[in-house]
Protein chains: 6
Amino acid sequence: MDSIIDGVSHFRSVVFPEQRSLYRKLAHHGQQPKALVISCADSRVVPEIITQSGPGEMFVCRNAGNIVPPFSQVNGGVSSAIEYAVVGLGVNDIVVCGHSDCGAMKALLKPEALKDMPNVAAWLRHAESARHVLREAYSLLPEAEAARVLAMENVVAQLNHLRSHPSVAAKLAAGQLNLHGWFFDLENGHILALDGETGKFLPVGDKNQTLQVAVRGMRRVVADPCCAQHAHHVTAAE
Amino acid sequence: MDSIIDGVSHFRSVVFPEQRSLYRKLAHHGQQPKALVISCADSRVVPEIITQSGPGEMFVCRNAGNIVPPFSQVNGGVSSAIEYAVVGLGVNDIVVCGHSDCGAMKALLKPEALKDMPNVAAWLRHAESARHVLREAYSLLPEAEAARVLAMENVVAQLNHLRSHPSVAAKLAAGQLNLHGWFFDLENGHILALDGETGKFLPVGDKNQTLQVAVRGMRRVVADPCCAQHAHHVTAAE
Amino acid sequence: MDSIIDGVSHFRSVVFPEQRSLYRKLAHHGQQPKALVISCADSRVVPEIITQSGPGEMFVCRNAGNIVPPFSQVNGGVSSAIEYAVVGLGVNDIVVCGHSDCGAMKALLKPEALKDMPNVAAWLRHAESARHVLREAYSLLPEAEAARVLAMENVVAQLNHLRSHPSVAAKLAAGQLNLHGWFFDLENGHILALDGETGKFLPVGDKNQTLQVAVRGMRRVVADPCCAQHAHHVTAAE
Amino acid sequence: MDSIIDGVSHFRSVVFPEQRSLYRKLAHHGQQPKALVISCADSRVVPEIITQSGPGEMFVCRNAGNIVPPFSQVNGGVSSAIEYAVVGLGVNDIVVCGHSDCGAMKALLKPEALKDMPNVAAWLRHAESARHVLREAYSLLPEAEAARVLAMENVVAQLNHLRSHPSVAAKLAAGQLNLHGWFFDLENGHILALDGETGKFLPVGDKNQTLQVAVRGMRRVVADPCCAQHAHHVTAAE
Amino acid sequence: MDSIIDGVSHFRSVVFPEQRSLYRKLAHHGQQPKALVISCADSRVVPEIITQSGPGEMFVCRNAGNIVPPFSQVNGGVSSAIEYAVVGLGVNDIVVCGHSDCGAMKALLKPEALKDMPNVAAWLRHAESARHVLREAYSLLPEAEAARVLAMENVVAQLNHLRSHPSVAAKLAAGQLNLHGWFFDLENGHILALDGETGKFLPVGDKNQTLQVAVRGMRRVVADPCCAQHAHHVTAAE
Amino acid sequence: MDSIIDGVSHFRSVVFPEQRSLYRKLAHHGQQPKALVISCADSRVVPEIITQSGPGEMFVCRNAGNIVPPFSQVNGGVSSAIEYAVVGLGVNDIVVCGHSDCGAMKALLKPEALKDMPNVAAWLRHAESARHVLREAYSLLPEAEAARVLAMENVVAQLNHLRSHPSVAAKLAAGQLNLHGWFFDLENGHILALDGETGKFLPVGDKNQTLQVAVRGMRRVVADPCCAQHAHHVTAAE
Ligand SMILES: [Zn+2]
Ligand SMILES: [Zn+2]
Ligand SMILES: [Zn+2]
Ligand SMILES: [Zn+2]
Ligand SMILES: [Zn+2]
Ligand SMILES: [Zn+2]
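Residues numbered from 1 in each chain as written. Chains lettered and ligands numbered in written order. Predicted model: local features only at pLDDT ≥ 70, side-chain atom pairs only at ≥ 80, totals over all residues. Heavy atoms only, no water.

Draft legend 1. Here's a closer look at the overall build of chain A. Secondary structure summary: chain A contains 10 helices and seven strands in total. Sequence separation of 24 or more characterises 64% of the internal contacts of chain A that already satisfy a separation of 6 or more. Put simply, chain A shows about 8,600 Å² of open surface, and 51% of that area lies on carbon and sulfur atoms. (Helix = DSSP H or I, 4+ residues; strand = E, 2+ residues; numbered from the N terminus. Contact = heavy atoms within 4.5 Å. Areas by Shrake-Rupley, 256 points an atom, 1.4 Å probe, with all protein chains shown as cover.)

Below, the structure is given as structure tokens:
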């Protein structure tokens, strides 16, 4: 803990004074983060570092494996963070961020590694979809690639879970929210983002390029016009 | 119960003898249903009647509101039916079928009607997404249309939940499963099906028309090619 | 799905028009089903076929193994269907219907068959009572008979669970509800019904025979008269 | 705590020495209790006092309201006590013992009394059946009698729950277990027992009287003989 | 059951009449127990015997292993007993009492003994902390001592769980509640109590000795004075 | 999202290249974080900023309210993070970090603010202990101080929950883990730490001062010596 304490001391005596007015403003006016970021608890994947964000910019939920449990009758911390960010803070973007060399993904591939970690094993049941997809749809994948592909499919699965949350579903249908699926590559510092239209992960941050969006909110009315038109047609036809 | 007993008597003495060989075959070779149908327990919405199907053709799960709870760590009857149908029986199609004048949907619009039915109220939390979408995206909807639209959005929501089940996600990614979203209109006998591409419900069973599919299974590999290509590119670039 | 679509087309163009007035009446006046039927999702066991019932006659809940989870603090679809049928619709009869060659019962006898179906395995814990009864009370049973007997004992177990639901317990004690336990034999088309008094399954639908009832609702007052009488006696005795 | 400590001191210096050999035997040979007693945590209802039992005689589970949650997929302390007593210790009798002036029953009648006790409120959902029976089947009951009748109906409800436990169901079907439903009247010291045949609570312990049993275990085979006979009959009849 | 019935008869005809006025008072004025005792369901460990207490003195919750599940969103019988005793009855002392030769503790050491008792196995997960402590902190313990030490560490663990209950935490912080950890030794009749200050179990009931307390309630204000003082200091320092 | 994308671009082109060797090492040798930090998802409270830590230094779990649910039979993301950090990564320090102006704490004080956030409301039940302590032990607190004091008492409560986790309890008893309770004051940049001995929050990072520890791991053997000594004494005394 010594170096951490030294860091606290440095923060207090050097860093904070330089940002005193920013913190004062944040303390008095509350937070207005631009996005909710759900990422892994892994010490090497710090959302504020890879996005170069400062205090007040991102509401951050971190857990082992950047998991988003589906909405259910008994929910926990991630569901609460989503609800608080969407309903309470009104964020317009949610990022689910996975990464390479993820311990959770590697454990998912070797269940025996979790013998002494029953909670982690239970928690990773929320990534079962990704594991099943890996098995059914990537049959020829070299073993060395498995953890990396699993981490990407896990982002896809968690985005699906996100859509089961009422607050998210409603804002998507109202065209007020976009969902993003990211993958941080520790080796080369790249962040890939899922492109919902092509279904591929592509690098973020290239010049002159708009951001790929995994699920784009779009004002939609599945029922309305169809019903009206159809009801008319039916009446006429009878 | 008298008319039901009469029906049983009639089935046994008249109907069964005519289909004895079919039932024998089904008893000896087991069932091989073509589809899993998840529909409402409503007595007016009999899947075998509206599809004119006989014994052995459809694996049927029915509950109040044609609900599909999202996959979770503690699952129940619907999740088991899905798993059994997809993994155990290998069905290639799943239909979620809602309907007009649905008591569950009407109760969702009037929560006070559920005061004496706490279980139903809890169960319908799985339709919260549809209710939230109704509120956020259909603000100008006439009240008389609300239950109908809610029933359709509920089908959309339950299809989303279906995708959170590992067995479903895996077969979709392997291109071996299609998901269908139906709406049965009691008034005119029409069945509408959600068209995933246009996001509209359109009548099923018109001549010379292929079936609308809500979610089409498609062999996909979000991670693979991109990674390979990208990894190469990165290495070269460094 | 092609034959199913053809069936839908046939229903809409031929069947529905013949029953248009029935469906209209059902749509405008709501459903008033005579009974709640809880049966297996098995494609070969269609409640409306074996009872020769039409639309509007039976509220139907179907799941793998015709399971009724006991009433508990967190309930799901079956509990909701029971509550809705008893409290909301006021049905006077509930039928739990098992059947021969049931995949769920056979899986219960061979747990290893459920290795890839963890949800089904968890769901069938609700049939553990039947499995334990089979083990303790039928020790000399030939193996070929096991699945059949288990399916019958499972009906007994699920009837027991039914009684743990407050709405059911109350209507039974008020003499306003009867519970029925059925077994459909795919081979010969017979439906057997549990006779609560003799504890045997007997064929339904024989001429000149009243229906066996598994649990007959009976107005009862376990506490009242005894207390009054007893209190009196006690006071006198002191 | 002072009087409790004095009691401990007295137990150790006076009571224990007199029973040293009994405790030694119990310590070395383990417990072999005759019965499992499930009673209220109420300080006035001590099972060992009202049955005048000593150490080693009764396995005792006590909780607010002498509740037995139905068997379910997630169970707690009462379910464990039942399983341990029936499977591990092989008891042949289970007593569920309610009592007069029970705080839990009175709270069930006045839910607002539980405003600051959310856990108790949730726990008492397991007594909902009794409350519903009271409402539906005792409509003319004077208010002063309500708590007493509710306590008796609660014993009936908990006996029903007991039967949903696999270990109990199996031993009942094997004729190796009896269930007893008791009610202790604080005012006059009487213990009433439910008589399963007449459905009444009658005083225990009158001379020359056999004990009333609520549910008598009976070797039974609902399926076997019937099937054999029936199968034969059917084959012959075809 | 015969000897139990004889006991009931004896209680009613001999014991109760002698204590009629006590029971009358308890019936009319309600219970005012001095303490909540949470002990094992073991037939040899009767709280009222080892403390020589009579009716009305102790509110008693008993279950296999004297377990106290931590406070959580879904709680059961033990949590309800705690809440009822602390909030409803206002007890000022809670005793968690373990004992030697405890079947639950021995089962925890030999998980295979629980193969046929899945509920007990699940229940004992609440004693996992004690098992882990045994493994990590008592590495040189002779096997013969394991069950005894585990039972003591289990008392420590359950005291920790007690503190997670809001009603307990609040009364501790208000200095209105003391927690006691006891261990009853069947062999010699001694009761040991955990001394929170030295972290040792010491005999209860020695003459001229005050009672050891495991967790002593103490009016405390972690935040207040510090904040005030600190805020001042900070303002001054800036 | 634009500024976030710009940040990603900057990270990739400027920041990462400077730390390429650090990331390479972390990617190839895995993470070895010094501590697990459990903090609020609040955008203004970035653990890496207030401790001036870089990638690889802290395993971070963030959720609304820096909550640690008690160990239970069904656990989620926080429990998994704890288990992974303690068992899988072997961290020796865990920090629970609250903060001033916390939205979760303010919502806990005004439950009506959570009307549209049922998940958050459920999640904050894990902070009920703190709310109860506030009510019982700080009766004269000015309202303006409530949220601040609640946030500190919440840290105390969550530290208590931490101790219910088996992996934490075991390492504490083995003297291999320390628990820290922090409070970050947004207004002045100070971090206060709970001092377990005095029960006060004191500033961290003052020169020439050792760090306050909330719960210091200490090799302890509650049972052992006492038993040995006591057993001896008892034998001798008999
Ligand atoms: Zn990771
Ligand atoms: Zn419906
Ligand atoms: Zn079946
Ligand atoms: Zn009571
Ligand atoms: Zn014990
Ligand atoms: Zn906060």
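Next comes the rest of the description.
Draft legend 2. Representation of the relation of the copies chain A and chain F. With an RMSD of 0.0 Å, chain A superimposes on chain F once it is rotated by 180° and translated 0.0 Å along the axis. In the structure described here, the two chain copies are related by an operation that fits a two-fold rotation axis. No C-alpha of chain A lies nearer the rotation axis than that of A:Arg62, which sits 2.4 Å from it. Here 100% of the contact residues of chain A are again contact residues in chain F; the copies associate through an equivalent surface. (Least-squares fit on C-alpha atoms with pLDDT ≥ 70 in both.)

Draft legend 3. Quick look at the interface of chain A and chain F. Taken together, the contact between chain A and chain F spans 77 residues of the former and 77 residues of the latter. Taking both sides of the interface into account, the surface hidden between chain A and chain F amounts to around 7,000 Å²; carbon and sulfur atoms contribute 62%. When residues of chain A are sorted by the area they lose upon contact with chain F, A:Met1, A:Arg12 and A:Asn119 head the list and together hold 10% of the total. Our count for the contact surface shared by chain A and chain F stands at four salt bridges. Between A:Arg62 and F:Glu48 there is a salt bridge; the shortest N-O distance is 2.9 Å. Summed over the shared surface of chain A and chain F, the result is 27 residue pairs in polar contact (both at pLDDT 80 or more). Considering each element in turn, the side of chain A that touches chain F owes the most residues, 11 residues, to helix α1 (residues 2-18) of chain A. A breakdown of the residues in the side of chain A that touches chain F according to their chemical character gives 37 nonpolar, 26 polar and 14 charged. (Buried area = accessible area lost by both parts, 1.4 Å probe. Salt bridge = Lys/Arg side-chain N within 4 Å of Asp/Glu carboxyl O. Polar contact = N/O pair within 3.5 Å; in protein donor to acceptor, adjacent residues only side chain to side chain. Nonpolar A, V, L, I, M, F, W, Y, C, P; charged D, E, K, R; others polar.)

Draft legend 4. How the structure looks around the interface of chain E and chain D. Between chain E and chain D, the contact holds 77 residues from the first and 77 residues from the second. Summed over both sides, the interface of chain E with chain D buries roughly 7,000 Å², with 62% coming from carbon and sulfur. A per-residue breakdown of the area chain E buries against chain D is headed by E:Met1, E:Arg12 and E:Asn119, which together make up 10% of the total. With its nearest N and O atoms 3.3 Å apart, the salt bridge here joins D:Arg24 to E:Glu187. Counting across the interface, chain E meets chain D through 27 residue pairs in polar contact (both at pLDDT 80 or more). Here the side of chain E that touches chain D is built from residues that sort into 37 nonpolar, 26 polar and 14 charged.

Draft legend 5. Highlighting the pairing of strand β5 (residues 191-195) of chain F. Residues and elements named next belong to chain F. The element β5 is largely enclosed, with a buried count of five among its five residues. Across the two faces of β5 the burial is the same, with Ile191, Ala193 and Asp195 and Leu192 and Leu194 all buried. In this sheet, β5 lies alongside strand β4 (residues 178-184) in antiparallel orientation, the contact comprising three bridges. Paired with Phe184 across the strands is Ile191, a residue of β5. Taken together, β4 and the strand that follows it, β5, pair antiparallel across an intervening segment of six residues, in which Gly189 is found at a positive phi of about 75°. Bridge analysis of β5 against strand β6 (residues 200-203) gives four bridges, and the strand direction is antiparallel. Each bridged residue has a counterpart across the sheet, and for Asp195 the counterpart in β6 is Lys200. (Buried < 20%, exposed > 50% of the residue type's maximum accessible area, 1.4 Å probe, protein only. Pairing = 2+ DSSP bridges.)

Draft legend 6. Main features of helix α4 (residues 77-88) of chain A. Residue and element names in this part refer to chain A. Taken across its 12 residues, α4 has 10 buried, putting it largely inside the fold. When α4 is considered as a whole, its buried residues turn out to be Gly77, Val78, Ser79, Ser80, Ala81, Ile82, Glu83, Tyr84, Ala85 and Val86. Positive phi shows up at Gly90, right after α4, with a value of about 70°.

Draft legend 7. Main features of the coordination of the zinc ion (ligand 6). Residue and element names in this part refer to chain F. Those donors, Cys40 (SG), His99 (NE2) and Cys102 (SG), are the protein atoms that reach the zinc ion (ligand 6), and they lie 2.0 to 2.2 Å from it. The motif formed by the donor residues of the zinc ion (ligand 6), counted along the single chain, is C-x58-H-x2-C. Taken together, the residues span a long stretch of sequence, with Cys40 in strand β1 (residues 35-40) and His99 in strand β3 (residues 93-99) at a distance of 59 residues. (Donors = N, O, S within 2.8 Å, 3.2 Å for Na, K, Ca; no water.)

Draft legend 8. Structural detail: the coordination of the zinc ion (ligand 5). All names here are of chain E. Within the protein, the zinc ion (ligand 5) binds to Cys40 (SG), His99 (NE2) and Cys102 (SG); these donor distances fall in the range 2.0 to 2.3 Å. One chain supplies every donor for the zinc ion (ligand 5), spaced along it as C-x58-H-x2-C. Residue classification places Cys102 among the buried residues on the basis of a relative accessible area of 3%.

Draft legend 9. Seen up close, the confidence of the model for chain A. All names here are of chain A. In the predicted model, chain A carries a mean pLDDT of 88, and 89% of its residues have values of at least 70. Segment residues 224-238 is flagged for pLDDT under 50; beyond a separation of four residues in sequence, or across chains, it makes 17 contacts in the model. This complex was scored by the predictor with a pTM of 0.89 and an ipTM of 0.88. (pLDDT = per-residue confidence, 0-100.)

Draft legend 10. Spotlight on the packing of helix α4 (residues 77-88) of chain C against helix α9 (residues 166-173) of chain C. Residue and element names in this part refer to chain C. Relative to each other, α4 and α9 sit at 35°, their axes nearing to 9 Å. Remark: the crossing between α4 and α9 carries left-handed chirality. Every residue of α9 that contacts α4 at Ile82, Glu83, Val86 and Val87 is listed here: Ser167, Val168 and Lys171. Looking at the contact of α4 with α9 residue by residue, the class counts come to four nonpolar, one polar and two charged. (Axes fitted to C-alpha atoms, helices over the stretch in contact; angles between N-to-C directions. Left-handed = near helix turned anticlockwise from the far one by under 90°.)

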